[in-house]
Amino acid sequence: MWIYEKKLEYPVKVSSCNPTLASLIIEQFGGADGELAAALRYLTQVWTMPIPQAKAILTDIGTEELAHWEMIGTMVYQLVKDLPESKIAGTPFAAHYANHGKSPFPHNAAGAPFTATYFNSKGDPIANIYENMAAEQKARATYEHLIRLSDDPGVTDALRFLREREIVHFQRFGETARLLQEYMDSKRYY
Amino acid sequence: MQAIPNPNAPMNMANPYPNPMAMPMYNMPPEIQLARAYVPDQPYERLFPLNEALKKGTLFPNLYQPYMQKRN
Ligand SMILES: [Fe+2]
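Residues numbered from 1 in each chain as written. Chains lettered and ligands numbered in written order. Predicted model: local features only at pLDDT ≥ 70, side-chain atom pairs only at ≥ 80, totals over all residues. Heavy atoms only, no water.

All names here are of chain A. Taken together, Glu-65 (OE), Glu-136 (OE), Glu-136 (OE), Glu-166 (OE) and His-169 (ND1) make up the protein donors of the iron ion, found 2.1 to 2.7 Å from the metal. All donors of the iron ion belong to a single chain; written as a sequence motif, their spacing is E-x70-E-x29-E-x2-H. Taken together, the positions of Glu-136 in helix H6 (residues 125-149) and Glu-166 in helix H7 (residues 153-187) put the pair 30 residues apart, joining distant regions of the chain. We note that Glu-136, like Glu-166, is buried. (Donors = N, O, S within 2.8 Å, 3.2 Å for Na, K, Ca; no water. Helix = DSSP H or I, 4+ residues; strand = E, 2+ residues; numbered from the N terminus. Buried < 20%, exposed > 50% of the residue type's maximum accessible area, 1.4 Å probe, protein only.)

Another aspect to go through is the nonpolar core. Of all hydrophobic cores here, the largest spans 26 residues; its most connected members are Ile25(A), Met71(A), Ile72(A), Met75(A), Leu79(A), Val155(A) and Leu162(A). Counting only elements with at least two residues in this core, the list comes to helix H1 (19-25), helix H4 (52-80), H6 and H7 of chain A. Ranked by the residues each element gives to this core, the list is headed by H4(A), at 6 residues. Excluding residues within four positions of it along the chain, Met71(A) makes contact with Leu8(A), Glu9(A), Tyr10(A), Val12(A), Ala158(A), Phe161(A) and Leu162(A). Grouped together as the second largest cluster of nonpolar side chains are 16 residues, Ala38(A), Ile61(A), Phe173(A) and Val39(B) included. (Core = buried A, V, L, I, M, F, W, Y, C linked by side-chain atoms within 4.5 Å. Contact = heavy atoms within 4.5 Å.)

What follows covers the packing of aromatic side chains. Here the structure, examined in full by the defined rule, presents 6 aromatic pairs over all chains. Centre to centre, the rings of Tyr10(A) and Phe161(A) are 4.2 Å apart; their planes meet at 20 degrees, and the pair counts as stacked. With Tyr10(A) in the segment before H1 and Phe161(A) in helix H7, this residue pair connects regions lying 151 residues apart in the sequence. Exposure class is identical for Tyr10(A) and Phe161(A). Each is buried. Note on Phe48(B) and Tyr64(B): the rings are 5.9 Å apart at their centroids and 90 degrees apart in plane angle, and the pair reads as edge-to-face. (Phe/Tyr/Trp six-rings, centres within 6.5 Å; stacked < 30°, edge-to-face > 60°.)

With that out of the way, let us pick up the interface of chain A and chain B. Counting residues at the interface gives 24 residues for chain A, matched by 24 residues for chain B. Counting across the interface, chain A meets chain B through 3 salt bridges. One salt bridge connects Lys55(B) with Asp157(A), and the closest N-O pair in it is separated by 3.5 Å. Linking chain A with chain B are 12 residue pairs in polar contact (both at pLDDT 80 or more), by the criterion used here. Breaking the side of chain A that touches chain B down by element, the ones donating at least two residues are H6 and H7 of chain A. A total of 16 residues in the side of chain A that touches chain B trace back to one element, the largest contributor, which is H7(A). Here the side of chain A that touches chain B is composed, by residue class, of 8 nonpolar, 3 polar and 13 charged. (Salt bridge = Lys/Arg side-chain N within 4 Å of Asp/Glu carboxyl O. Polar contact = N/O pair within 3.5 Å; in protein donor to acceptor, adjacent residues only side chain to side chain. Nonpolar A, V, L, I, M, F, W, Y, C, P; charged D, E, K, R; others polar.)

Written as structure tokens, this is what we have:
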């Protein structure tokens, strides 16, 4: 069960109407290392985690990733909402607009639609937690690419916040990996 | 210099976690094994003030690793 708060985790103040930037940051809305993939990866892995600390951290971080997905969708929309329809053709946002109008939709910056093949749940706690640590590094790297691409100070500010969260998540998964390894060692006998 | 909240102070806005010193302070496990990845446990040191923590994306100075953009 979830409790929902009617505000963003971090305030988003987009400074410009910027369809080019919208079509780039949508990578984190529906891309392989984006927030939706992260949320579904962690929330899906909860059931087979053998210790309560691992279930808790996956639920916490998976929930936070949904809040990040909400932030990215908000930024994508804010970057295009005031764009006059006559000015859309010829921008990198035009292909998105042809299908979805101004609604955010989970696909990556190249237009490939979101797919569950971006993540896995192996039913193996060690394999899962290492996937999650790698996922946090890939998300951090993507945020650094996007920070370099961004020419909107408000978007850059939010991207920096989201990037730092990936570092915190990596630390938490690393601590969880240790707990899982200790637990698996205590169960192992040949 | 930032104010360093007293970790044993009762829960309030500047110190949202009561008695954090009860957290274990150990670092790496005593026996390191091959073919495993280890991240040291985070020592509980001090906290950013909450308004600053929100801006930075973490409550913990020892986890704050901001991206430094190359100028060119
Ligand atoms: Fe994350």
